Amino acid sequence: MLPLDARLEAWQRDLLARPGVLRRAVADYGSPVNLHHLAPMGRNALDLTLGARRSGLGLGIFVARKANRALAVVDEARRLGHGVDVAGERELAETLERGVPPERVIVTAAVKPEGLLALCVARRVRVSLDNADEVALLAAVAREAGAGVDGAPPVPVVLRLAVAGPRESRFGLPAAVWREVVRTRMPVGGPLAVDGLHFHLDGYAAADRSEGLRQALALAEALRALGHRPAFIDIGGGVPMSYLERRDQWLRFWRAHRAALLGRGRPLTFEGHPLGLGVAAGRVTGAPAVYPAHQSPTGGAWLEAVLGAPARGAGPAPPSEPGTVGRALARAGLALHAEPGRALLDGCGMTVARVEFRKRRRDGTWLIGLAMNRTQMRSAADDFLVDPLLVPVAGRERAAAPVEGYLVGAYCIERELITWRRLRFPRGVEVGDLLAFPNTAGYLMHILESASHRIPLAANLVVGPDGHLMGDAGG
C-alpha cells in the first residue's frame, strides 16, 4: 500500500525499540494507553516565539488545554512560563490548582455558564466574550462582586471578533456590532474593561490570519476612541504542523485516492470512503475532510508569513518602515497572543493499542479488531492519515503471511473504524500484537473521547527522563 510515514521523535523510537515497556504499560493500564513526553513542547514554543521575534514582536503563548486533558501539559506550560487557554469551568479550576497564575489564563469556552464566569471574576481571569448576552451576564456577575466600584478594579475581558470574509465563523461578533455593544453596554469605569481582542478562524491559511489582524487592528483603534485600552490581539489557534516525513508520499496518496474514486484503481479506503471528496460528471469534486498531514510553512515560519503580509488599511505606515501587519501591531502598541494546541503538542504523544482479533471479509481483506474505539484517536477530521507502527507480540519471531485490511474498534456500530485507510502488514498481524499511533497528543487522544458502552477512558502516562512511565494526575 502507499505509505504515509510519520515523523518520529527520539523518545518514540526509544520506546518502540523497547517493546517490553509498551507491553507492560498495556497490561498494567489497559488498551489503549496514551503516552506523553513533553520535551518537544518547549522546542515548538521557541520556534513560534522566534517567528514573531523576526517580525519585531514578542509572543504570548497560551496552550490550548482542550487539545489534551493530561495535567502534565498544564504543568509543562507553567514550567516554561507560558499561559493556558481553557474551555470550561473544570479546565479552569484544574489549571489554577496546578499553580498557573490567573493573568496567564484565558477562558475561551464556547458556552459560559454563570458558575464559570463567577470563578473568572473571583480569580480575575480574562474572559473572551463571544456575544452581547455574555456581556450582560458577566457584567451582572462582576457588579455583584463589586468590580469597578469604590476603586475595585474592573474584570478584564477580551472581545471575540467575527472576522469578515468569504466564510462566516460561528464565533464572535462583527466589528460594527462590537463597537455598538461597547458604546452602549460597557462604559469606561464600569465593571468590565476591554483588555484585548481575539478571533478564531477555521483552517490554517496564513493569509486569513493576516486579514484577521488587519480587522482587529481597526477595531482596537475604534475601541480606544471610546476610552478602552486593548493591549493585545489574540489570533487563536490553527498554527499548522506536519505529521509526515515526506511531501511526495502525501501527494501520491491523494493522486491514487482520486483515481480510485473515478474507478481507475482499487479503493484505498473502506468501501471507497471519499474522505470528503465526491464525484460528479466524471470529475472529482470537493476538498479533503482531513488534517493536511504534510504542509508548509509550519510553526514559526508560518507566523512570520502572517506578520509579514501587507498592512493594507491597518494604519498608515511611516515612509521609513515597511507597511506589514507586524509593523502595524508594533506601531499600535499591541502585543500578539496565540493559543496553539496541535502545533505545541507536535511530537509529544503516542497511543498504543492491542490487537484482539482478525477475520477475513468476502473481498479478501481483513478486519483487525483493536481494544480501543474510534473516539480515542480521532479529531473533527474524517481520518488520521498516518501509518501506525506494529509491535509484535512477545515471542513472535517468525513473520506471518502478509495481511491487508482495516482497523476496527470496540463500539457496536457497523462503521466503527479506527482508520478508514486500507493498511498492509507485510509480516502479518497476530492477536496480542500492539499498534502504536505516533504523534497523537494534539487533539487526537481526547477531543472526542467517549466512554460509551461503559468502556473506561484511556490512561494517560508520562514518559520520565529515564524512560520510566508514570501515571498522570488527570487520569
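Keep in mind that what you see is a predicted model, and the values were worked out from it rather than measured.

A. Examining the overall build of the chain more closely. Along the backbone of the chain there are 12 helices and 19 strands. Taking 2.2 N^0.38 as the reference for a compact globule, 475 residues should give roughly 23 Å; the C-alpha atoms of the chain span a radius of gyration of 24 Å, in line with that estimate. The principal-axis extents of the C-alpha atoms in the chain amount to approximately 75 × 50 × 40 Å. In the chain, the proportion of contacts linking residues at least 24 apart, taken out of those at least 6 apart, comes to 72%. Of the roughly 20,200 Å² of accessible surface on the chain, 53% is carried by carbon and sulfur atoms. The centroid of the 59 positive side-chain charges in the chain is displaced by 5 Å from the centroid of its 48 negative side-chain charges.

B. Structural context of the sheet that holds strand β5 (residues 126–129). As summarised here, the arrangement of the eight strands in space is β2-β3-β4-β5-β6-β7-β8-β11, forming a closed barrel in which the pairing is parallel. Sheet twist, expressed as the mean angle between neighbouring strand axes with direction ignored, is 30 degrees. Pairing geometry for strand β7 (residues 192–198) and strand β8 (residues 232–234), over three bridges, is parallel. Each residue of the ladder has a partner; that of H198, found in β8, is D234. Against the sheet, helix α7 (residues 132–144) engages β5, β6 (155–160) and β7, with an angle of about 150 degrees to β5.

C. Summary view of the side chain of D195. Looking at the element boundaries, D195 is found in strand β7. One polar contact links D195 to R126, side chain to side chain, over a distance of 2.5 Å.

D. Spotlight on the packing of aromatic side chains. Going through the model one piece at a time under the given rule, you end up with seven aromatic pairs. Centre to centre, the rings of Y204 and Y291 are 5.0 Å apart; their planes meet at 70 degrees, and the pair counts as edge-to-face. Taken together, the residues span a long stretch of sequence, with Y204 in the loop between β7 and α9 (206–225) and Y291 in the loop between β10 (283–286) and α11 (299–307) at a distance of 87 residues. Take Y204: its relative accessible area is 30%, and that puts it in the partly exposed class. Residues Y243 and F384 carry aromatic rings whose centres are separated by 5.3 Å and whose planes lie at 80 degrees to one another, so their mutual orientation is edge-to-face. In this pair, Y243 sits in the loop between β8 and α10 (247–261) while F384 sits in the loop between β13 (366–370) and β14 (389–391), placing the two residues 141 residues apart along the sequence. Under the relative-accessibility criterion, Y243 is labelled buried at 3%. We classify F384 as buried; its relative accessible area is 4%. One aromatic cluster is present, built from ring pairs that chain together Y204, Y243, Y291 and F384.

What counts, and at which threshold
- Residue positions are counted from 1 within each chain, in the order its sequence is given.
- Local features in a predicted model are, by the rule used here, given only for residues with pLDDT of at least 70; side-chain atom pairs are given and counted only at 80 or more, and totals for whole chains, interfaces and linings are based on all residues.
- Remark: hydrogens and water are excluded; side-chain values derive from all non-hydrogen atoms of the structure.
- To qualify as a helix, a DSSP run of H or I must reach at least 4 residues; to qualify as a strand, a run of E must reach at least 2; elements of each kind are numbered from the N terminus.
- Every radius of gyration here is taken over C-alpha atoms, with the globule rule written as 2.2 Å times N^0.38, N being the number of residues.
- Contact between two residues is taken to exist if any of their heavy atoms lie within 4.5 Å; hydrogens are not considered.
- Each accessible area is a Shrake-Rupley result for a 1.4 Å probe, and residues are judged covered by the shown protein chains and nothing else.
- For this count, His and the chain ends are skipped, Lys and Arg are scored as positive, and Asp and Glu as negative.
- Charged groups are reduced to one reference atom each: NZ for lysine, CZ for arginine, CG for aspartic acid, CD for glutamic acid.
- Strands were regarded as paired on the criterion that DSSP finds at least two bridges between them.
- Geometry is summarised by axes, namely lines fitted to C-alpha atoms with helices restricted to the contacting stretch, and by angles between N-to-C directions that run from 0 to 180 degrees.
- Polar contacts, as counted here, are pairs of nitrogen or oxygen atoms within 3.5 Å of one another; within protein the pair requires one atom able to donate a hydrogen and one able to accept it, and residues that are adjacent in sequence qualify only if both atoms are side-chain atoms.
- Aromatic rings from Phe, Tyr and Trp, with only the six-membered ring used for Trp, were paired whenever their centres fell within 6.5 Å, and each pair was classed as stacked if the ring planes differed by under 30 degrees, edge-to-face if by over 60, and tilted otherwise.
- Note on classification: 1.4 Å probe, protein chains only; a residue is buried when its accessible area is under 20% of the maximum for its type, exposed when over 50%, partly exposed between these limits.

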